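Examination of the molecular architecture
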There are 2 protein chains.
Amino acid sequence: MSASHAPTIGVFDSGFGGLTVLRELLPLVSGGHCVYLGDTARLPYGSKSRETIVRYAISSARFLQKRGAELLVVACNTATALALEELRDALPIPVVGVIDPGAKAAAEACYELNRCNTAEAPSEVLVVATQATVGAQAYTRACAKLGLRATEKACPLLVPLVEEGWIANESGDKVEIANANDAARASVTAQVLRIYLSEALDAAPASRALLLGCTHYPLLRPEIERTLADLGRPLCIIDSARATAQAVARVLQEKSIMRPTSTDAPDATCEFFATDSVEKFERLGSRFLGRPVADVQLVDLGG
Amino acid sequence: MSASHAPTIGVFDSGFGGLTVLRELLPLVSGGHCVYLGDTARLPYGSKSRETIVRYAISSARFLQKRGAELLVVACNTATALALEELRDALPIPVVGVIDPGAKAAAEACYELNRCNTAEAPSEVLVVATQATVGAQAYTRACAKLGLRATEKACPLLVPLVEEGWIANESGDKVEIANANDAARASVTAQVLRIYLSEALDAAPASRALLLGCTHYPLLRPEIERTLADLGRPLCIIDSARATAQAVARVLQEKSIMRPTSTDAPDATCEFFATDSVEKFERLGSRFLGRPVADVQLVDLGG
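This structure is a prediction, so every number in the text was calculated from the model and none was measured.

Criteria and cut-off values
Residues numbered from 1 in each chain as written. Chains lettered and ligands numbered in written order. Predicted model: local features only at pLDDT ≥ 70, side-chain atom pairs only at ≥ 80, totals over all residues. Helix = DSSP H or I, 4+ residues; strand = E, 2+ residues; numbered from the N terminus. Rg over C-alpha atoms; globule rule 2.2 N^0.38 Å. Buried ≥ 20, exposed ≤ 12 C-beta atoms within 10 Å, placed from the backbone. Contact = placed C-beta atoms within 7 Å. Domains from an automatic or database assignment. Nonpolar A, V, L, I, M, F, W, Y, C, P; charged D, E, K, R; others polar. Least-squares fit on C-alpha atoms with pLDDT ≥ 70 in both. Expected span 1.5 Å × (residues − 1). Pairing = 2+ DSSP bridges.

A few words now on the overall build of chain A. A tally of regular secondary structure across chain A gives 11 helices and 12 strands. Against the 2.2 N^0.38 benchmark of 19 Å for 303 residues, chain A shows a C-alpha radius of gyration of 19 Å, consistent with a compact globule. Based on the C-alpha atoms only, the size of chain A along its principal axes is roughly 50 × 45 × 45 Å. Sorting the 303 residues of chain A into buried and exposed places 51% on the buried side. Intrachain contacts of chain A at a sequence separation of at least 6 include 76% that bridge at least 24 residues.

Frequently, the measure chosen for interface size is the accessible area that the parts lose on association. All names here are of chain A. The domain architecture assigned to chain A consists of domain 1 (8–97 + 242–298) and domain 2 (100–240). Computed from C-alpha coordinates alone, the two centres of domain 1 and domain 2 are separated by 23 Å. Each side of the interface is counted separately: domain 1 has 22 residues, and domain 2 has 23 residues. Secondary-structure elements contributing two or more residues to the side of domain 1 that touches domain 2 are α1 (19–25), α3 (77–90), α10 (240–254) and α11 (278–289). Taken together, the residues of the side of domain 1 that touches domain 2 break down into nine nonpolar, 10 polar and three charged.

We now examine the relation of the copies chain B and chain A. Laying chain B over chain A is done by rotating through 180° and shifting 0.0 Å along the axis; what remains is an RMSD of 0.0 Å. Taken together, the turn and the small shift mark the pair as related by a two-fold rotation axis. Of every C-alpha in chain B, the one belonging to B:Val188 sits nearest the axis of rotation, 3.0 Å from it. Take the interface residues of chain B: 100% of them recur as interface residues in chain A, which is what a same-surface contact looks like.

This part covers the environment of A:Val248. Residue and element names in this part refer to chain A. Looking at the secondary structure, you find Val248 in helix α10. Owing to 27 C-beta atoms within 10 Å, Val248 belongs among the buried residues under this scheme. C-alpha separation for the pair Val248 and Gly97, spaced 151 residues apart in sequence, amounts to 9.1 Å.

Below, the discussion takes up the environment of B:Gly135. Among the secondary structure elements, B:Gly135 is positioned in helix α5 (residues 131–136). Between the C-alpha atom of B:Gly135 and that of B:Ser14, which follows or precedes it by 121 residues, the distance is 18 Å.

Right, let's talk about the interface of chain B and chain A for a bit. Of the residues lining the interface, 17 residues belong to chain B; the matching set on chain A comes to 17 residues. The dominant element in the side of chain B that touches chain A, judged by the number of residues it contributes, is helix α8 (residues 180–203) of chain B, at eight residues.

Here we come to helix α4 (residues 99–115) of chain B. Here α4(B) spans 24 Å end to end across 17 residues, near enough to the 24 Å set by a 1.5 Å rise per residue. All of the buried residues along α4(B) are B:Ile99, B:Asp100, B:Pro101, B:Gly102, B:Ala103, B:Ala105, B:Ala106, B:Ala107, B:Ala109 and B:Cys110.

Attention shifts here to the sheet that holds strand β2 (residues 33–38) of chain B. Residues and elements named next belong to chain B. The six strands are arranged β4-β3-β1-β2-β11-β12 in an open sheet whose pairing can be described as parallel. Where the open sheet ends on each side, the last strands, each with one partner, are β4 (95–97) and β12 (297–298). Pairing geometry for strand β1 (residues 8–13) and β2, over six bridges, is parallel. Residue pairing for β2: Val11 is matched across the bridge by Tyr36.

See below:
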């Protein structure tokens, strides 16, 4: 099997969220093989020091490299914000994080919006993310390099709401509510989104686009779209997960790790590793990947 | 200064929650000195293995003993559930956890309720707690020893809601809402409580008492009382924090570490230590202690 035909791609996150990146990546790497590691025993990274996060990220990345990864996707906003350069220094393979692709996609969207608009307002993007990511201000820096002003808004309750599954089941365009309690749960999440987004729009009224700066948030996308519409502010939504998957496909071709995918290539295959509770990973992970996650293997990377 | 007059008491939690225990303890140990350690760098304990939690708890306890603690309060449900016996083996001072005092207070309350009731229904208590505490089933075991049947209900969203301050400001019997967004936040928490408590009561309809099995929950007590009243089930509420403080005062006197407090003893003094972000500890901690938390000292207990 030649490397230029069937690449092995390592995808790493502190938990399950990075599976939304893998979900977008799989259709772009047909014929390839993806190895996903969720460092669930050591999450959340957000409350740890930079030194600790760098150490954890490098040990996770080395594990994936030993499993054959020819490219590493850091599918974790905190690890990207705090450890991307260190990972690039430590590994001999290309490393793609989630922040620069997200910022670039936001800049492109704002450029398009401005082209259709005669007003010469400065481009501005609203970034919703976790407290840790907002604290690191990595999106603000990445956007500034592209001439884009970013306002970051921490939304700490969204990750627990997604992990608890307090979201409406989307089936195409139709929202399915299984029972009264599920409806009440989905309604709580809708109200939380309304509070966060109305505060964020008050703080940055000129925003044209909303960047989902956390790998958990794509699961809330339909509800976020509804909330923005209700608030009369249907912003263009930029999904870091999708932008990152596209950046990975580009790098794989630029580095000749993968040839352009032919239409008859088989689906990409996956292997999953977690550092804690395989059962929880399989149960939660399926929601993020959008298909069953099975045969997760437990791995010990130390304390 | 004689030990029997001015005891030093160590109070340990993985975070800020244990400050609700300290809050109940201070009025009972006038003239004494309390040293509080929040192991915030290594929280949450709930997602860690038993071995890791035991190791963390023992290193935290040894730190407090070195600071002069003559009694240790494990003001953390997870550490109590998973490491109490190991802490008692490792330390030469009395160790009091939060679970047995909570279970005992629930059994006493149910006994009183049964005395006033001619029906011979078995005593049953509903325990609300975090996923980690429910998973350990320590309350179920502690209650069973006292002839009390416990039904445990995990309420994973309550800790983040309390930590984010999405609660109504209570001022005596009056709820003060500062502005529309604060009202919307408090309403979210009320709806989340209604979902959890109605599900719990459906699962355990014979419950007479509700035990708050997490040190964060006393901050929600007024809202929990309102919700139970709305549901037509005004259960007797048992607060583990209060029961634990009373158990500590009892042990201090039994072991002759403290004499019964005289009415003119000065207020107990406090020292605070945290293993991460002193600023966050001071900001959040004040809510839990019900008075300003200042001069928190950073301490490094290792990874």
